[in-house]
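In case you want the letters, here they are:
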Amino acid sequence: MSKLLKKPFLAITVFMLALLTACSGKSSETTGESNTPKEGDVINAKIGVISYMTGPGAAYGEAITNGFNLAQKEINEKGEVHIDLVIEDSAGKQEQALSAAQKLMSDDSIVALLGPTLSTEMNVVGPEADLNGIPIMGTSTTAEGIPQIGEYVFRNSIPEALAIPAAVKKAVDKYDVKKVAILYGNDDVFTKSGFDTMKKVAEDMGLEITTIETFQKGQADYNAQLTKIKGQNPDLILASALYNEGAVIMDQARKLGINVPFVGGNGFNSPQVIEIAGDAANGLIVATPWFGEKEDPKVQEFNSKYESEYKKKPDQFAAQAYDALYLYAEALKNAGEADRDKVKDALLEIKDLEGILGKFSFDKDGDVVMDPTVLVIEGGKFEIFE
Ligand code: 1QQ
């Protein structure tokens, strides 16, 4: 449903409640003071964060919370909006993400939520946030259908459906690809969604799919799948995986003598892939809104602040998180107060807000509109793929 349409039943409920209150002769408590903020007032807001901070994918959550913390510091220094962050760990698990979110949304002083990290988690947290009428913004959730969960659900990460076709098309052109093998995790919302897109793109481009292989989270041995793939001699491998499985897959593939390039989705776009797989990561192609080597002064300033604060280079996940907090700060300023509904409406009104990833606007569903850049790992680092 379009986020511009208010839920009609909500309006009816509010009307009925107002009527009941009037009939019972009770009036709601008033302080006699106007709630309208005065010019120059600082808007104080508490924002809840659900992040994958411990467990095998903790590097995603670490980068994400670093991005939030850096943006928070800058925003608070500017003095128009003062943001407090309440951060909860989800450990990448649905149940933990849901209980963290429930704890945060039951606190009326929390105006909005950021996260969770994985689409798998957002699939259970998003509906709950929507039901509770609290805006929630995923900064790394890229599976199909996330913002469509409800009118309060947003994301500032580009969907797999946009990133993967861009990467596959470039790889197919460059390497004159005719045959592809597909490998994906079948127990995760994001890796499954990436697979659906990969299959569709391959079919639309008339490529031969030699085989479709699956794996599960935490799997250590991919030799069975990779041996089968090797026997069919594809020109390119499409792999939909999070970094910890993805890096091991590339390592084992190279050890088996599979030297063709890989195309991965968002999960693969992490420095952790290089850290874990070393030279075996060379030849991995991904599409992303983030390229840290860009000459853009905003990007360079972000890089140097991030590096001096956290002693490492920022990645896509840190950059998306950083921009997301600025989106909320802008929405809070325009809303004029830390009110859940007003912030939700104000997010939709944002047009071309300049971030380090580019200009942000949300479409009617709450998805961002943005062009990805295609990168390849070469010589142990991400470079523009041409
Ligand atoms: C998702 C993703 C992951 C790569 C986030 C870390 O894109 O779960 O949607």
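Above this text you will find the structure in question.
Please read these numbers as outputs of a predicted model, since none were measured by experiment.

Turning our attention to the sheet that holds strand β7 (residues 208-215). The seven strands are arranged β7-β6-β8-β9-β10-β13-β14 in an open sheet whose pairing can be described as mixed. Of all the strands in the sheet, just β7 and β14 (381-384) have a single pairing partner and so form its edges. Across the sheet, the axes of successive neighbouring strands diverge by a mean angle of 25°, strand direction being ignored. Two elements, strand β8 (residues 236-240) and strand β9 (residues 262-264), share three bridges in a ladder whose sense is parallel. Bridge assignment links Ile 237 to a residue of β9, and that residue is Phe 262. Contacts from helix α5 (residues 160-175) reach β8, β9, β10 (284-288) and β13 (373-378) within the one sheet, and its direction differs from that of β10 by about 140°.

A few words now on the environment of Gly 57. Tracing the sequence through the fold places Gly 57 in the loop between β1 (43-51) and α2 (58-78). Residue classification places Gly 57 among the buried positions, given that 22 C-beta atoms sit within 10 Å.

By size, the foremost hydrophobic cluster in this structure holds 117 residues, and its most contacted members are Leu 113, Ala 167, Leu 238, Leu 284, Ile 285 and Leu 325. It is helix α11 (residues 316-335) that contributes the most residues to this core, 13 residues altogether. Residue assignment places this core across two domains, with domain 1 (40-158 + 298-360) and domain 2 (161-288) each supplying three or more. Residue contacts for Leu 325: discarding those within four places in its chain leaves Phe 68, Ala 71, Gln 72, Ile 75 and Ile 83.

Criteria and thresholds
- Residues numbered from 1 in each chain as written.
- Predicted model: local features only at pLDDT ≥ 70, side-chain atom pairs only at ≥ 80, totals over all residues.
- Pairing = 2+ DSSP bridges.
- Helix = DSSP H or I, 4+ residues; strand = E, 2+ residues; numbered from the N terminus.
- Axes fitted to C-alpha atoms, helices over the stretch in contact; angles between N-to-C directions.
- Contact = placed C-beta atoms within 7 Å.
- Buried ≥ 20, exposed ≤ 12 C-beta atoms within 10 Å, placed from the backbone.
- Core = buried A, V, L, I, M, F, W, Y, C linked by C-beta atoms within 7 Å.
- Domains from an automatic or database assignment.

By themselves these figures say nothing about function.
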